[in-house]
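What the coordinates show
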Amino acid sequence: MVPGLIKAGDAFPLEFALKINHVFFHGGNPDWATMLVSQNIDGYLRRFLTTLDFNYSPAVFSEEEIAEYVRVNSIPGSIRAGFQWYAAGLREDTINLANATHKLSIPVAAYGGASFLGDIRPYWQTVAEQVEGGSVAQCGHFIPEEQPGFVIDTALKFFAPLAGT
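Quick caveat: nothing in here was measured; it's all calculated off a predicted structure.

1. Comments concerning helix α2 (residues 21-28)
- Along α2, the residues that are buried comprise H22, V23, H26 and G27. For α2, the angular spread of the buried residues around the axis is 110°, confining them to a single face.

Rendered as structure tokens:
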């Protein structure tokens, strides 16, 4: 995640907007998006889970995994709740980011998939003093699913200093 897409009032780079176009569809009008997506949840989710728009490889997710994503997102209210999360990001995070007056003093680990957003540290460096991270090779949007070993190893290393507290 990035800490808000942009500060309210700032220009939004077109290249970035096109890369994350789903954010505007999901969050721009969540009820409309819900109505449209609910007609074919399998097809909609399959696009996210099997295309190179979001993934390093179209073979990241098995048919069984895709079926589970479809199952949980078919529960009444599930898709709408997810889209409301995007709406909050568009409507509230941009304002909160613009009003932020102090940077986070806690360490932040920020990684992006090389095939999706790449190194997301620059977004976090605007709001946090200590940012480590980079770009995860052979990975797209779904880092925990695409590179679970990397996520586990990185989390264990990042949180190791807390083990003594």
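2. So, the packing of α2 against helix α3 (residues 30-38)
- Axis separation between α2 and α3 bottoms out at 5 Å; the angle between their running directions is 105°. By the criterion of interaxial angle, the relationship of α2 to α3 is roughly perpendicular. Residues F25, H26, G27 and G28 of α2 form the contact with α3, whose own contacting residues are P30, A33, L36 and V37.
- Looking at the contact of α2 with α3, its residues break down into five nonpolar, three polar and no charged.

3. Structural notes on unusual backbone geometry
- Phi angles above zero are rare outside glycine, and Q138 is one such case at about 50°.
- In this fold, Q138 is placed in the loop between β2 (128-136) and α8 (143-146).
- A relative accessible area of 48% places Q138 in the partly exposed class.

4. What to know about the layout of surface pockets
- Volume-wise, the second largest pocket comes out at about 160 Å³.
- Lining the second largest pocket, in full, are P3, K7, L97, A100, T101, H102, K103, L104, W124, T126 and V127.
- Classifying every residue of the lining of the second largest pocket gives six nonpolar, three polar and two charged.

5. Observations concerning the pattern of salt bridges
- This structure, assessed with the given rule, holds six salt bridges.
- Put simply, D31 and R80 hold a salt bridge, and the shortest N to O gap is 2.5 Å. On the criterion of sequence distance, the pair formed by D31 in helix α3 and R80 in helix α6 (residues 78-99) is long-range, its members being 49 residues apart.
- R80 sits in the partly exposed class, given a relative accessible area of 37%.
- Salt-bridge contacts for D119 lead to R121; the nearest nitrogen and oxygen are separated by 2.5 Å.
- Judged by relative accessible area, which is 29%, D119 ranks as partly exposed.

Scoring rules and cut-offs
Residues numbered from 1 in each chain as written. Predicted model: local features only at pLDDT ≥ 70, side-chain atom pairs only at ≥ 80, totals over all residues. Heavy atoms only, no water. Buried < 20%, exposed > 50% of the residue type's maximum accessible area, 1.4 Å probe, protein only. Helix = DSSP H or I, 4+ residues; strand = E, 2+ residues; numbered from the N terminus. Arc of directions from axis to C-beta. Axes fitted to C-alpha atoms, helices over the stretch in contact; angles between N-to-C directions. Parallel < 35°, antiparallel > 145°, perpendicular 65-115°, else oblique. Contact = heavy atoms within 4.5 Å. Nonpolar A, V, L, I, M, F, W, Y, C, P; charged D, E, K, R; others polar. 1 Å grid on protein atoms, 1.4 Å probe; cavity = no way out; pocket = protein on both sides within 12 Å on 5 of 7 lines; lining within 4 Å. Points joined across faces, edges and corners; volume = space filled by probe spheres on them. Salt bridge = Lys/Arg side-chain N within 4 Å of Asp/Glu carboxyl O.

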